[in-house]
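Topology and contacts: notes
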4 protein chains.
Amino acid sequence: MPYVHRLKVRYAETDQMGVVHHANHLVYLEEARTEYMASLGVPYGAIEATGIGLPVRRVDLRYRAPIRYEDDLEVTVAIGHLRAASVRFDYSIRKAEGGSTLLDGSVELACVSLSDRTPRVLPDELRARLEAQMESASS
Amino acid sequence: MPYVHRLKVRYAETDQMGVVHHANHLVYLEEARTEYMASLGVPYGAIEATGIGLPVRRVDLRYRAPIRYEDDLEVTVAIGHLRAASVRFDYSIRKAEGGSTLLDGSVELACVSLSDRTPRVLPDELRARLEAQMESASS
Amino acid sequence: MPYVHRLKVRYAETDQMGVVHHANHLVYLEEARTEYMASLGVPYGAIEATGIGLPVRRVDLRYRAPIRYEDDLEVTVAIGHLRAASVRFDYSIRKAEGGSTLLDGSVELACVSLSDRTPRVLPDELRARLEAQMESASS
Amino acid sequence: MPYVHRLKVRYAETDQMGVVHHANHLVYLEEARTEYMASLGVPYGAIEATGIGLPVRRVDLRYRAPIRYEDDLEVTVAIGHLRAASVRFDYSIRKAEGGSTLLDGSVELACVSLSDRTPRVLPDELRARLEAQMESASS
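Residues numbered from 1 in each chain as written. Chains lettered and ligands numbered in written order. Predicted model: local features only at pLDDT ≥ 70, side-chain atom pairs only at ≥ 80, totals over all residues. Heavy atoms only, no water.

1. Description of the pairing of strand 5 (residues 86-95) of chain C
If a strand is regular, its side chains alternate between the two faces of the sheet. Residues and elements named next belong to chain C. Both strand 4 (residues 72-82) and strand 5 contribute to a ladder of nine bridges, which runs antiparallel. Within strand 5, the residue paired with Ile79 across the bridge is Phe89. The antiparallel hairpin formed by strand 4 and strand 5 contains three residues in its connecting segment. Where strand 5 lies against strand 6 (residues 98-110), nine bridges are found, and the strand directions are antiparallel. Across the sheet, the residue bridging to Lys95 is Gly98, located in strand 6. Hairpin connection from strand 5 to strand 6: two residues lie between these consecutive antiparallel strands. (Pairing = 2+ DSSP bridges. Helix = DSSP H or I, 4+ residues; strand = E, 2+ residues; numbered from the N terminus.)

In structure tokens form, the structure reads like this:
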């Protein structure tokens, strides 16, 4: 089952077009993904504390409709692909009260050593939790 | 010929991983694209003053290597696709002193009425300048 | 009684010093103040819909201790000063679990017409609600 | 003589009020101050490389007039106060083509160890260059 994160649009996230500036959608997706990981018992901060980081290496987003100040949003996160040293999350954003998709797409993360940016396998606990999520989603 | 925009990374654009946060690359591309348009005699602000906007509708980026504080960057912009009511720009980012690609990808813009977000054809002057650029690039 | 808003620090809000970048504290204060106004029945978006805006005209902040990624924060808002065409809010930020003040200070807002930025008296409903808050605070 | 840094407002820095969001002025001041330090031969990145950081501990700003998209700005920086373990810079922002002050104020920086945030005296080279600036300003 996908994870759903709720958030409310801040004034500072708008631009003079009267809508959320397109760079901020990435911040919403990041917040949703890290809340998802925390809900699985693996907060991202704890991963970094072990010297491992998950930098973004690919972003593919379609902006389907504008998001506005004070909108209550639901960001849905699902695991798109799980590999040895990377993971892709798939997302969609809707208003909390329902309606059509405002944005969808994916963000792929590499797993690296924070000290020298060389590839690392995903931390065991994170991998185990994500695999369990994928199994329960497909069963 | 592609357009090259130079910029220098700000401290506020970094995150605790010690590199530029991945949302800020979109701001760099936006700055490069609007400087490109201004260099063609069509500043984006002048387009908005006519009631037309160019919101982002698709983003596809590959982050190939980290960008760091105080890096001097070259953002290269080329026209990827020009349609009646949309335009796609293709980008790459390198350090100004040379080296490998740090990011590449594309950003597609829709052309809309700012008052009701309905599709509009691209402004004549912008279209003419972009077509001229594409012809000179392919000749 | 002051209003307390809770929020959680986002990764994108950190910088390479490993703490929240100092510009983002202003975004936290803005979120707290607009949630406060919404709790009083006067959402800021509704004020702007009438053609009135409340731009910031003065900021005075002391950063007493760093704020970090994933910190759960409590932002306390109180009305500092209420005038005909301006209002000052006073703030402090602490961790939700308690402890010392991480930031305190004030943000003063002017009341203006959004069309031409000329001064306006504060909207009646907002003024009435803020005055009621000040009376209940001092009684 | 004060140092003058020029910059151009980015679209992403505006908000739905059609002006630069008030948090971004702090980013402009930071860019101006670090360019000033670099012009003195002491880039801020080089200071951090020695384990010393200059976090902001006080901000006092007056926003006198709105700043808009595509504005070319001049940020003027002067040394306000130089102490053993802190320094205050004073700023004003104007349009490059002249006109009245859009923002003025000050930002005070503490000098700390990056590893444990304990106070440190300012690096010798930075102090020497700043003192030389103050002497030439007052002579």
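2. Some points on the interface of chain D and chain B
Of the residues lining the interface, 18 residues belong to chain D; the matching set on chain B comes to 18 residues. Between chain D and chain B, roughly 1,500 Å² of surface is buried when both sides are summed, and carbon and sulfur atoms account for 43% of that area. Our count for the contact surface shared by chain D and chain B stands at six salt bridges. Between D:Glu13 and B:Arg10 there is a salt bridge, with its nearest N and O atoms 2.8 Å apart. At the boundary of chain D and chain B, one finds twelve residue pairs in polar contact (both at pLDDT 80 or more). Listed by contribution, the elements that provide at least two residues to the side of chain D that touches chain B are strand 1 (3-8), helix 1 (24-39) and helix 2 (44-48) of chain D. By residue number, the principal contributor to the side of chain D that touches chain B is helix 1 of chain D, which donates six residues. Looking at the side of chain D that touches chain B residue by residue, the class counts come to eight nonpolar, two polar and eight charged. (Contact = heavy atoms within 4.5 Å. Buried area = accessible area lost by both parts, 1.4 Å probe. Salt bridge = Lys/Arg side-chain N within 4 Å of Asp/Glu carboxyl O. Polar contact = N/O pair within 3.5 Å; in protein donor to acceptor, adjacent residues only side chain to side chain. Nonpolar A, V, L, I, M, F, W, Y, C, P; charged D, E, K, R; others polar.)

3. With respect to the relation of the copies chain B and chain A
When chain B is fitted to chain A, the best match, at an RMSD of 0.0 Å, comes from turning it 180 degrees and sliding it 0.0 Å along the axis. Given the turn and translation reported, the copies of this chain are related as if by a two-fold rotation axis. Among all residues of chain B, the one whose C-alpha sits closest to the rotation axis is B:Asp60, at a distance of 2.2 Å. The share of interface residues of chain B whose copies in chain A are also at the interface is 100%, consistent with both copies meeting through the same surface. (Least-squares fit on C-alpha atoms with pLDDT ≥ 70 in both.)

4. What about the environment of A:Leu61?
The residue A:Leu61 is located in strand 3 (residues 56-63) in this model. C-alpha separation for the pair A:Leu61 and A:His81, spaced 20 residues apart in sequence, amounts to 16 Å. Not counting residues up to four positions away in its chain, the partners in contact with A:Leu61 are A:Leu26, A:Leu29, A:Leu103, A:Asp104, A:Gly105, A:Ser106, B:Arg57, B:Arg58 and B:Val59.

5. Some thoughts on the relation of the copies chain D and chain B
For the pair chain D and chain B, the superposition axis carries a translation of 0.0 Å, the fit reaches an RMSD of 0.0 Å, and the rotation angle comes to 180 degrees. Looking at the interface residues of chain D, 100% of them are also at the interface in chain B, so both copies use one shared face.

6. Details of the sheet that holds strand 6 (residues 98-110) of chain D
If you trace the ten strands from one edge of the open sheet to the other, you get 1(C)-4(C)-5(C)-6(C)-3(C)-3(D)-6(D)-5(D)-4(D)-1(D), paired in antiparallel fashion. The open sheet has two free edges, formed respectively by strand 1 (3-8) of chain C together with strand 1 of chain D, since each of these has just one partner strand. The sheet shows a mean angle of 20 degrees between the axes of neighbouring strands, taken without regard to direction. Alignment of strand 3 (residues 56-63) of chain D against strand 6 of chain D, held across seven bridges, turns out to be antiparallel. The residue of strand 6 of chain D that forms the bridge with D:Leu61 is D:Gly105. (Axes fitted to C-alpha atoms, helices over the stretch in contact; angles between N-to-C directions.)

Honestly, that's just the spatial picture; any functional story needs more than this.
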